[in-house]
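# Geometric and topological summary
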Amino acid sequence: MRAAADTLAAHAARIEQRVAAYHRWGLEEPPPPRPAPPPVKPRVRGAKVVASIPTDDRVVFLTVDDGAMKSSALLRMVDDLDIPVTSFLADDEAVLGRGYEYFRRLEILGGTTQNHTLTHPYLPALSLREQRREICGQQDRIQEETGGPQPRLFRPPYGEYDRNTRRAARDCGLDALVLWGMEAWADRIDFQEPGGLYPGAIILTHYRGPASWGDGGTMVDVLRRVLARAAEEGYAIGRLEDYL
């Protein structure tokens, strides 16, 4: 009986600590804890185009593109609240400021790093050879900078791709082209379809600061908005690579 009581007390203390952490960041309540990853992930190969994750779990996924703005406050928030972030990096932006060290820190905090090309071009305007250079080149850069395996996932700049994009991505060893169903800003979330969040939704945002947001918002404001919406609708924030 004593052991059971101690277990319940410890669980209650963890919940209280989690709620307190969210309050410190200006959030009324946390979203649900993320569920255990599925024992079997969907089989995705050959640069398959993916816009959402097939799952019945009430879970959504946060993905952040480009890499120019590196907010120390965002790192603290991700750490405090244990939020998994998938970064799709373009090399010409990721190298700015603190460079890839920032994203190595995010990986320590549970994030992941994926491919968004070397220079963020409009890929359909490029030849197969040029697209391959952009995509394979960033595979090599991310491996060089993170010390890990090459990425499995690729996001085409602007969400635009053609047959050569998929062929180049396959040639570069990528399993999936990852799109999105909604985009988060500092002051709103834009949904491609009405109805709010849904199981397996992929949320896009960007590494930006007050000047480029245009409304004075910060990366912390963006994450706060996503977390508030997830809590309101009862969705956990999952790690994309746990499901894909």
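In what follows, the structure referred to is the one given above.
Here's what I pulled together on the structure shown here. (Residues numbered from 1 in each chain as written. Predicted model: local features only at pLDDT ≥ 70, side-chain atom pairs only at ≥ 80, totals over all residues. Heavy atoms only, no water.)

## So, the overall build of the chain
Looking only at helices and strands, the chain features nine helices and 10 strands. A compact globule built from 244 residues should have a C-alpha radius of gyration of about 18 Å, and the chain, at 19 Å, falls within 12% of that. Here the C-alpha coordinates of the chain stretch approximately 65 × 40 × 40 Å along the principal axes. Counting across all 244 residues of the chain, residues that qualify as buried make up 49%. When the accessible area of the chain is evaluated, it comes to approximately 11,500 Å², of which 51% is carbon and sulfur surface. (Helix = DSSP H or I, 4+ residues; strand = E, 2+ residues; numbered from the N terminus. Rg over C-alpha atoms; globule rule 2.2 N^0.38 Å. Buried < 20%, exposed > 50% of the residue type's maximum accessible area, 1.4 Å probe, protein only. Areas by Shrake-Rupley, 256 points an atom, 1.4 Å probe, with all protein chains shown as cover.)

## With respect to the state of the cysteines
Evaluation of the coordinates by the stated rule reveals one disulfide. Between the sulfur of C136 and that of C172 lies a disulfide, 1.8 Å long from S to S. Handedness of the C136-C172 disulfide follows from its S-S torsion of about -95°: it is left-handed. Taken together, the residues span a long stretch of sequence, with C136 in helix α5 (residues 128-146) and C172 in the loop between α6 (163-171) and β6 (176-178) at a distance of 36 residues. Looking at C136, the relative accessible area reads 22%, which means it is partly exposed. Of the residues examined, C172 reaches a relative accessible area of 7% and is grouped as buried. (Disulfide = S-S within 2.5 Å.)

## Side note on the pattern of salt bridges
All chains considered together, the criterion is met by 14 salt bridges. Notably, a salt bridge pairs D82 with R34, separated by 3.3 Å at the nearest N-O pair. With a gap of 48 residues between them, D82 in the loop between α2 (72-81) and β3 (86-89) and R34 in the loop between α1 (2-24) and β1 (48-50) connect regions that are remote in the sequence. For D82, a relative accessible area of 42% gives the class partly exposed. (Salt bridge = Lys/Arg side-chain N within 4 Å of Asp/Glu carboxyl O.)

## Overview of the packing of α5 against α6
Packing of α5 against α6 brings their axes to within 9 Å, and their N-to-C directions diverge by 45°. Judged by the angle between their axes, α5 and α6 are oblique. By crossing handedness, the relation of α5 to α6 is classed as right-handed. Along the contact surface, α5 presents L128, Q131, R132 and I135, while α6 presents N164, T165, R167, A168, A169 and D171. (Axes fitted to C-alpha atoms, helices over the stretch in contact; angles between N-to-C directions. Parallel < 35°, antiparallel > 145°, perpendicular 65-115°, else oblique. Left-handed = near helix turned anticlockwise from the far one by under 90°. Contact = heavy atoms within 4.5 Å.)

## A word on the side chain of T86
Turning to its location among the elements, T86 is positioned in strand β3. Taking relative accessible area as the criterion, T86 reaches 2% and is therefore assigned buried. At 3.1 Å, the side chain of T86 forms a polar contact with the side chain of E241. Once residues within four sequence positions are removed from consideration, T86 is found in contact with L62, T63, V64, T112, Q114, L240 and E241. (Polar contact = N/O pair within 3.5 Å; in protein donor to acceptor, adjacent residues only side chain to side chain.)

## A short note on the pairing of β3
A two-sided burial pattern is seen for β3, the buried positions comprising T86 and F88 on one face and S87 and L89 on the other. In this sheet, β3 lies alongside strand β2 (residues 59-66) in parallel orientation, the contact comprising four bridges. Within the sheet, the bridge partner assigned to V64 lies in β3 and is S87. For the crossover from β2 across α2 to β3, the handedness is right-handed. (Pairing = 2+ DSSP bridges. Right-handed = clockwise from strand over helix to strand, strands pointing away.)

## Some words on empty space enclosed by the protein
The full count for this structure, using the stated rule, is one cavity of 30 Å³ or more. Looking at the largest cavity, the residues that line it are L62, V64, L74, V78, V85, T205, M219, V222 and L223. Those elements that provide at least two residues to the lining of the largest cavity are β2, α2 and α8 (219-233). Tallying contributions element by element places α8 first for the lining of the largest cavity, with three residues. (1 Å grid on protein atoms, 1.4 Å probe; cavity = no way out; pocket = protein on both sides within 12 Å on 5 of 7 lines; lining within 4 Å. Points joined across faces, edges and corners; volume = space filled by probe spheres on them.)

## Topic: the layout of surface pockets
Empty space within the largest pocket amounts to approximately 190 Å³. Ranked by the residues each element gives to the lining of the largest pocket, the list is headed by strand β4 (residues 112-115), at three residues.

## Re the environment of P124
Within the secondary structure, P124 is located in the loop between β4 and α5. For P124 and G195, which are 71 residues apart along the polypeptide, the C-alpha to C-alpha distance reads 31 Å. Here P124 is in contact with Q131, E160, Y161 and D162, once residues within four sequence places are set aside.

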